[in-house]
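# Topology and contacts: notes
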Amino acid sequence: MGQRKLFGTDGIRGKANVYPMTGDVAFNLGRAVTHYFVTQKRNKKPLIILGKDTRLSCYMLEQAFSAGVCSQGGQVILTGPLPTPGVAFVTRSMRADVGVMISASHNAYFDNGIKIFDSKGFKLPDEVELILEDYILNPEKLPVQTNGHLGNAKRLKEVFGRYLVQTKAALGADFDLEGLRIVLDCANGAAYKVAPMMFRELGAEIFPIGVEPNGTNINMECGSLHPGRAQEMVKTYRADLGICLDGDADRLIVCDSDGNLIDGDCVIGLFAKLLLDRGELSKGDTIVGTIMSNLGLENYIRSLGLSFHRTKVGDRYIMEYMREHSSILGGEPSGHVILANHSTTGDGCLAALKLIECLKFYNRSLAELTSDIQLYPQKLINVPVKEKRPLKEVKLIQDELTRLEKTLDGKGRIVLRYSGTESLIRVMVEAKSDQLVEEIIGPFVKLVKKALS
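Counting of residues starts from 1 at the beginning of each chain's written sequence and follows it residue by residue. Only residues with pLDDT of 70 or above have their local features reported here, since the model is predicted, and side-chain atom pairs are shown and tallied only from 80 upward, although totals for entire chains, interfaces and linings are computed over all residues. The side-chain quantities take in all heavy atoms of the structure and omit both hydrogens and water.

## Concerning the overall build of the protein
Helices and strands together make up the secondary structure of the protein, namely 14 helices and 18 strands. C-alpha atoms of the protein, sized along the principal axes, occupy 70 × 60 × 40 Å. Per-residue accessibility, obtained with a 1.4 Å probe over protein chains only, is compared with the maximum for each type, and a residue is labelled buried under 20%, exposed over 50%, and partly exposed between these values. Going through the 453 residues of the protein one by one, you find that 59% of them count as buried. Computed by Shrake-Rupley with a 1.4 Å probe, the accessible areas treat only the displayed protein chains as cover when residues are assessed. For the protein, the accessible surface area stands at approximately 19100 Å², while carbon and sulfur atoms represent 48% of it. In this charge count, Lys and Arg are treated as positive and Asp and Glu as negative; neither His nor the chain ends contribute. Charge coordinates come from a single atom per side chain, which is NZ of Lys, CZ of Arg, CG of Asp or CD of Glu. Of note, the protein has its 56 positive side-chain charges centred 4 Å away from the centre of its 54 negative side-chain charges. Secondary structure elements follow DSSP: runs of H or I no shorter than four residues count as helices, runs of E no shorter than two count as strands, and numbering proceeds from the N terminus.

Pasting the structure below:
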């Protein structure tokens, strides 16, 4: 399989109106997606669901992508702002051929991205993205449509209602949110309207943050990357918990009633226990994480009698493994959590509801429940690089890794991986104590800089 030039770990992403996140690329991607699925449907017009978050540049990219679809003979339904998992669900619900989300997730407003789902709501595999890239970079390969072979577009209002009903139904029938006080931070993003409606309709008293998007304030000092305000509000309003979504609401970060942050790995650990205790998981079943998942989570999962498997970083790689091995739970420490019995991708609102179900089921506080999961201290440092040389070929790094792994002796990990979107290598050290992490990471980062400069 060739090397992808445009697609990273989660679609195409970059600074808006700078290559590759330009109107031209969006137009050509619209053409490419439509042509690819025309060939899959044997020349019938494919139906494409097109959602977005609240970034200013979404207007430009939405119209450009839509124009590309129409020029190639497809049909587009524009949903307006809708969480990424909502796009995946609506694609399935409306029996569309493709779902497309315009968002750069947790990034600042000046970035944007495009991610694509198939008819079942799953992200496209690498081999399909390579085909689309070829069409984008060589648009002359696509036939020009004219006359009655052109497509059309229409906007559906309130389509988020389908997602709202579906997600609410995932909460166990024996539970509601009556009596709960929740600080809800929507990051001025795609869930700014649907998330407050969801939690209110289920009976919670909510204190909303980040529900006034203006095109440039998405993820700005709010949301899952900036939970500080939510933490303070939880204490001020004596709330039961705080829920912080990101810009496209496919992940969450939670804080307990004391304002303490709960890591995404802890949430996965809680779900594993809940599913096991309710008989939805059996001993020996596999929970799926990534190479960045905490060793403490792995130890906890194994203590429950379950297995743990690590994939590459990216929730689509988690989902691919889950589908191949019939797993029902997976996720990342960043707060992407996939509950395969309910969704085909990470879903912050869904995860929040199931977390509340945990609290109700065990009748214990979030702090009490998570105290059983002992995560190891971790530290991550991003190191700029001029080129992304294959790490196995860098002897200086490999020799030091071998030495350090003997030092850790199974009581910690070192993870090196290149960023999928930036000229960076991410260095992560994990060990049983903060002191050991600090002793290792400083000298090792210096060595990495020397080896890759």
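## Points about a nonpolar patch on the surface
Each patch groups residues whose relative accessible area exceeds 30% and which form no salt bridge, using 9 Å between like charges and 5 Å between nonpolar side chains of Val, Leu, Ile, Met, Phe, Trp and Tyr. For salt bridges, the criterion is a side-chain nitrogen of Lys or Arg within 4 Å of an Asp or Glu carboxyl oxygen. A surface patch of nonpolar side chains, amounting to about 290 Å² of accessible area, comprises Y109, F110 and M220. Assignment of secondary structure puts F110 in the loop between β4 (98-102) and β5 (111-117).

## Focus on the sheet that holds strand β1 (residues 12-15)
With respect to topology, six strands assemble into an open sheet ordered β1-β5-β4-β2-β3-β6, the strand pairing being mixed. Looking at which strands have only one partner, the edges of the open sheet turn out to be β1 and β6 (152-155). Looking at each pair of strands side by side, their axes are set apart by 15 degrees on average, direction ignored. Contacts are assigned to residue pairs with any non-hydrogen atoms lying within 4.5 Å of each other. Only the stretch in contact is used when a helix axis is fitted, and all axes are lines through C-alpha atoms; the angle between N-to-C directions ranges over 0 to 180 degrees. In the packing of helix α1 (residues 23-40) onto the sheet, the strands contacted are β1, β2 (47-52), β4 and β5, and the crossing angle to β5 comes to about 5 degrees. Pairing between strands is defined by DSSP: at least two bridges between them are needed.

## Things to note about the nonpolar core
Joining through side-chain atoms within 4.5 Å is the link that ties buried Ala, Val, Leu, Ile, Met, Phe, Trp, Tyr and Cys residues into a set, and such a set is a nonpolar core. Among the nonpolar cores identified, the biggest contains 73 residues, and L177, I182 and F199 are the most heavily contacted of them. Dropping the residues within four chain positions of it, L177 is found in contact with L171, I182, F199, L202, G203, A204, L353 and I356. L6, F37, V128 and L142 belong to the second largest nonpolar core, which has 32 residues in total.

## Some details on the state of the cysteines
Counting rule for disulfides: a pair of cysteine sulfur atoms within 2.5 Å. Scanning the entire structure with this criterion turns up zero disulfides. A disulfide-free cysteine, C58 has its sulfur positioned 15 Å from the sulfur of C222, the nearest such atom. A relative accessible area of 1% places C58 in the buried class. There is no disulfide at C70, and the cysteine sulfur nearest it, in C58, is 18 Å away.

## Considerations on helix α7 (residues 228-236)
Of all the residues in α7, the buried ones are A230, Q231, M233 and V234. All buried residues of α7 project into a common sector of 165 degrees when viewed along the axis, lining one side. Among the exposed residues of α7, those pointing more than 90 degrees away from its buried face are R229 and T236. Where α7 is buried, its residues touch β7 (181-185), β8 (205-209), β9 (241-245), β10 (252-255) and β11 (261-262). Picture the helix axis, draw a direction to every C-beta atom, and the arc is the one those directions span.

## A short note on the pattern of salt bridges
Within the structure shown, the criterion is met by 26 salt bridges. A salt bridge links E400 to R403; the nearest nitrogen and oxygen atoms lie 2.8 Å apart. Linking E400 with R403, this pair stays in helix α13 (residues 395-408), spanning three residues, or about one helical turn. Relative accessible area serves as the criterion here: at 18%, E400 is assigned to the buried category. Given a relative accessible area of 45%, R403 falls into the partly exposed group. Linked through salt bridges whose partners overlap, the residues forming this network are D10, R13, K115, K123, D248, D250 and D315.

All we've got here are geometric facts, nothing functional implied.
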